[in-house]
Amino acid sequence: MANHWRIYVLILVLFISVFFASKSFTIRQIFSSKPSKPNAQVQTFFGNTGQEVAVHVISGNEKGPTLLIFAGIHGDEAGGYLTADRFTTITVKKGTLIIVPRLNRPAVLKGKRQGLSGDMNRMFHLPENSNSSPDAKVVDLAKSLIKRADYVLNIHQGSGFYSPTWISPKRNPLKWGQCNVIDALIFDLPNGDKLELARFAEKIASRSNARIKDTKFHFQVNNTNTASNTSLHKEQRRSLTYYALYKQHKHALAFEATKNCTLPQAVSFLSIAIHSIMEEVGIQSENLPATDLSVIRNELRDKKINS
Ligand SMILES: [Zn+2]
């Protein structure tokens, strides 16, 4: 009889253990931080007009800042739009990315700087609903997207290598390659705060340069000091970043990879720069595109893009 009791007690203990083990597993599952499906949408504007603009919005489950990335405003800068393409398929854990890989589709299709009517990056001074250019409606769309962002980035490829001092005909203050362009060192906001663009651009350049072995491709900060009478680049007063900073008070900058490198190199440099700005502003992703040249070469080969 005593032995039977022992067996009953043992069975009861086993039953209770299994019950609690299964219960605790369920509780663990309930409280686990299993990521739900990330939120990614593509919206197409001006469909079937030849000026289609695809806007990718990728949001994380955790709240964070919004970074807006434009590329393809100039159609002869393939490094820009091919880099932007690579980020449209990532998942974001924290924050939001809005990516417009080809703002100026007619220019991209032609492979030329200009699309339907002149340089789109010289049209941001136009009033909204302007009829002065067939590109104006696309510029208006860009302006409406800028309103939704905390940080605005326009990515390009430029000739030579920017340097704050004259080094050579290829490396000097008038060249654009390998720099983070800002329109002012510091911008005074109407509420008395200061938007410290130079510090922001320097931090991003430092993060990028730590990942670029060859120092001749290091990014420099290029302050075009656009509003100043002594600016070397007064034409930039009609640009996207100038509009974003002066009219909408956003952290706005441009990344320029050099055209004096291979296409996979330009895509690698710009991908590194986007990783860096995402880190700096606190947008997190677990599947950022690789920056190794061999991976990028294979990607371009798969897309049948000559590089
Ligand atoms: Zn450009």
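Since the model is a prediction, treat every value here as computed from it, not as a measurement.

Visitor: Just checking my understanding: could you explain the coordination of the zinc ion for this structure?
Guide: When a metal holds four donors in a tetrahedron, each ideal angle between them is 109.5 degrees; when it holds six in an octahedron, the ideal angles are 90 or 180 degrees. The zinc ion binds to the protein through His 74 (ND1), Glu 77 (OE), Glu 77 (OE) and His 156 (ND1); the donor distances cover 2.1 to 2.3 Å. Counting the intervening residues between successive donors of the zinc ion yields the motif H-x2-E-x78-H. In this pair, His 74 is assigned in the loop between β3 (62–70) and α2 (78–87) and His 156 in strand β5 (residues 151–158), connecting sequence segments 82 residues apart. The pair formed by His 74 and His 156 is uniform in burial state, with each residue classed as buried.

Visitor: Got a minute to help me understand the sheet that holds strand β1 (residues 39–45) in this structure?
Guide: What links the strands of a sheet is backbone hydrogen bonding, and the strands pair in either a parallel or an antiparallel sense. Read from one edge to the other, the open sheet built from eight strands follows the order β1-β2-β4-β3-β5-β12-β8-β11, with strand pairing classed as mixed. Unpaired on one side and paired on the other, β1 and β11 (220–223) mark the two borders of the sheet. Going across the sheet, the axis of each strand differs from the next one's by a mean of 20°, ignoring polarity. Bridge analysis of strand β8 (residues 179–182) against β11 gives four bridges, and the strand direction is parallel. From the neighbouring strand, Asn 180 faces β11, where its bridge partner is Val 221. Contacts from α2 reach β2 (53–59), β4 (94–100) and β5, with the element oriented near 135° to β5. Contacting β5, β8, β11 and β12 (251–258), helix α5 (residues 197–209) runs over the sheet at an angle of about 40° to β12.

Visitor: I keep staring at the nonpolar core and nothing clicks. Help me out?
Guide: Soluble globular proteins tend to pack their nonpolar side chains together in the buried interior. Leu 67, Leu 97, Leu 153, Leu 253, Phe 255 and Ile 277 are the most contacted members of the largest nonpolar core, which totals 52 residues. Those elements giving two or more residues to this core turn out to be β3, α2, β4, β5, α5, β12, α7 (263–281) and α8 (293–302). Those residues in contact with Leu 253 that lie beyond four places of it in its chain are Val 152, Leu 153, Asn 154, Asn 180, Val 181, Ile 182, Phe 200, Ala 201, Ile 204, Thr 241 and Ile 277. Val 57, Phe 70, Ala 136 and Leu 240 belong to the second-largest nonpolar core, a separate cluster that totals 26 residues.

Visitor: Just checking my understanding: could you explain the packing of aromatic side chains for this structure?
Guide: Two aromatic rings are characterised by how far apart their centres lie and by the angle between their planes. Counted by the stated rule, this structure contains seven aromatic pairs. On the numbers, 5.8 Å between centres and 55° between planes, the contact of Phe 161 with Phe 217 is tilted. Remark: Phe 217 occurs in the loop between α5 and β11 and Phe 161 occurs in strand β6 (residues 161–162); sequence separation between them is 56 residues. Considered together, Phe 161 and Phe 217 belong to a single accessibility category, that of buried residues. Following the ring pairs from residue to residue traces out a cluster consisting of Phe 161, Phe 217 and Phe 269. Positioned above the aromatic ring of Phe 161, the side-chain terminus of Arg 171 is 4.4 Å from the ring centre.

Visitor: Would you mind going over helix α4 (residues 136–147) with me for this structure?
Guide: Because an α-helix packs 3.6 residues into every turn, residues spaced three or four apart end up facing the same way. The end-to-end C-alpha separation of α4 is 17 Å, in line with the 16 Å expected for 12 residues at 1.5 Å each. Counting buried positions over the 12 residues of α4 gives nine, a clear majority of the element. Here α4 has its buried residues at Ala 136, Val 138, Val 139, Asp 140, Leu 141, Ala 142, Lys 143, Leu 145 and Ile 146. Each element contacted by the buried residues of α4 is listed here: β1, β2, β3, β4, β5 and α6 (240–246).

Visitor: Help me out: how do you make sense of the pattern of salt bridges in this one?
Guide: Side chains bearing opposite charge may pair, as long as their charged atoms lie close to each other. Tallying each qualifying case throughout the model produces 11 salt bridges. The partner of Arg 207 in a salt bridge is Glu 279, with the nearest N and O atoms 2.9 Å apart. Placement of the pair is Arg 207 in helix α5 and Glu 279 in helix α7, with a sequence separation of 72 residues. Accessibility expressed as a relative area gives 31% for Arg 207, which makes it partly exposed. With relative accessibility at 37%, the residue Glu 279 sits in the partly exposed group. Between Asp 214 and Lys 216 there is a salt bridge whose closest N-O contact spans 3.6 Å. Relative accessible area serves as the criterion here: at 34%, Asp 214 is assigned to the partly exposed category.

Visitor: Could you clarify how one ought to interpret the environment of His 156 in this entry?
Guide: What makes His 156 buried here is its relative accessible area of 4%. Considered as a pair, His 156 and Ala 78 are 78 residues apart in the sequence and their alpha carbons are 8.3 Å apart. Discounting chain neighbours no more than four positions away, the residues touching His 156 are Ile 73, His 74, Glu 77, Asn 121, Ala 254, Phe 255, Glu 256, Ala 257 and Leu 270. At a separation of 3.3 Å, a polar atom in the side chain of His 156 contacts the side chain of Asn 154.

Reading guide: rules and limits
Residues numbered from 1 in each chain as written. Predicted model: local features only at pLDDT ≥ 70, side-chain atom pairs only at ≥ 80, totals over all residues. Heavy atoms only, no water. Donors = N, O, S within 2.8 Å, 3.2 Å for Na, K, Ca; no water. Helix = DSSP H or I, 4+ residues; strand = E, 2+ residues; numbered from the N terminus. Buried < 20%, exposed > 50% of the residue type's maximum accessible area, 1.4 Å probe, protein only. Pairing = 2+ DSSP bridges. Axes fitted to C-alpha atoms, helices over the stretch in contact; angles between N-to-C directions. Contact = heavy atoms within 4.5 Å. Core = buried A, V, L, I, M, F, W, Y, C linked by side-chain atoms within 4.5 Å. Phe/Tyr/Trp six-rings, centres within 6.5 Å; stacked < 30°, edge-to-face > 60°. Lys NZ or Arg CZ within 6 Å of the ring centre and 35° of its normal. Expected span 1.5 Å × (residues − 1). Salt bridge = Lys/Arg side-chain N within 4 Å of Asp/Glu carboxyl O. Polar contact = N/O pair within 3.5 Å; in protein donor to acceptor, adjacent residues only side chain to side chain.

Purely geometric stuff here, so don't read any function into it on its own.
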